[in-house]
Every structure is written in structure tokens, then in C-alpha cells.
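Overview (structure and organization)
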Amino acid sequence: MVLFNPHALRAALPPGRRVLGLDPGSKTVGLALSDASLTLASPYRALARRKMGAMLEEFATIVRAEEISALVCGLPLGLDGSFGPAARAAQDWAGDLAERLALPACLWDERLSSSAVNRFLIAEMDLTRKRRAEVVDKVAAAYMLQGWLDATQPKGAGP
């Protein structure tokens, strides 16, 4: 499946359907959901990273249960904006998942999302290292998805 540009993906979404945000890491994949009005992203869960075939049924179940109409996958660009090996791997992974689920998808810059979330969890939530490890991936996915929701909000829409 072709990966859409972020604004084209939003324009193609049917009303009342949700978007699944994905933050694929080397050990886990953080998941976040948008609301049906495409205004707010919420942390959903984290899945242990395995081969795509082994994870596919979990993704398909989530897509059906949560009425997902599109995917927004984090793109780990370099700090200078370069498109390195990690970004290429995320692009391939997102394209493969979108094709297997028959859903449109786009990539969204997720540079420093985990770092920002960790700083927040330490400073504002005073979470222990163990508790942060349990939530950081899904919160980072929500942080990334919220960035996409805010940036692609149609002109004149919103609060």
C-alpha cells in the first residue's frame, strides 16, 4: 500500500473513524488511538515487538475493535532531519503493515518523542524507572499521534 502524505491521509479519512498511532521500537511497539473527531490522541497499549506475521492478528483485532481507518507511524529521523537506516526500517515496516491490514498510512516525524515523554514522566509524574518503562512506549505513540492530529487539523477547525 502506498504511504500517504500526512495531509492527504487526513483528507481521505471517513467521518467518525479513528486513527491508530504506532511508535515501533526495537523491543516494543507503542500504540495510541485518536478519538472519532480526530482531535485528541490517547495512549492505548504497548506490544512486544516480534516478526510482522506474529503481530498481525493482534493488529487486525485492534483495527476491528477500535474501528480504525488509518495508521500513523512514527518516523525516527536523525536529529539533523536525515533519513537513516532506522527511518528506512520504519518506512518499510509501516508500508508492510498498512498493506497487510489494507489501511492507508503515513509516516510522522517522531524525533525525540521518547525523550520528551521520559522527561515529562520524571518531572511531572515522578514515576519510577520501572513504571516509566511500562508506559513510555504508548505515551510516546500518543505524543507522536497528537503532533500529527494538530498539524493536519483543517484550517478554521478545532477549539
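In this report, the structure presented in the accompanying data block is examined. (Residues numbered from 1 in each chain as written. Predicted model: local features only at pLDDT ≥ 70, side-chain atom pairs only at ≥ 80, totals over all residues. Heavy atoms only, no water.)

Attention now goes to the pattern of salt bridges. A side chain of one charge can pair with a side chain of the opposite charge when the charged atoms of the two come close. If you walk through the whole model with that rule in mind, you get five salt bridges. Here arginine 45 ties to glutamate 58 by a salt bridge, and the two come within 3.8 Å at their closest N and O atoms. Remark: glutamate 58 occurs in helix α2 (residues 52-65) and arginine 45 occurs in strand β4 (residues 41-48); sequence separation between them is 13 residues. The class of arginine 45 is partly exposed, set by a relative accessible area of 33%. Under the relative-accessibility criterion, glutamate 58 is labelled partly exposed at 25%. For arginine 100, the salt bridge identified is with aspartate 96, shortest N-O distance 2.9 Å. (Salt bridge = Lys/Arg side-chain N within 4 Å of Asp/Glu carboxyl O. Helix = DSSP H or I, 4+ residues; strand = E, 2+ residues; numbered from the N terminus. Buried < 20%, exposed > 50% of the residue type's maximum accessible area, 1.4 Å probe, protein only.)

Applying the stated criterion across every chain, the model contains one aromatic pair. Residues phenylalanine 59 and tryptophan 93 carry aromatic rings whose centres are separated by 6.0 Å and whose planes lie at 75 degrees to one another, so their mutual orientation is edge-to-face. Note that phenylalanine 59 is positioned in helix α2 and tryptophan 93 in helix α3 (residues 85-101), a separation of 34 residues in sequence. Comparing phenylalanine 59 with tryptophan 93, the two get one shared label, buried. Directly above the ring of tryptophan 148 sits arginine 10, whose terminal nitrogen or CZ lies 5.9 Å from the centroid. (Phe/Tyr/Trp six-rings, centres within 6.5 Å; stacked < 30°, edge-to-face > 60°. Lys NZ or Arg CZ within 6 Å of the ring centre and 35° of its normal.)

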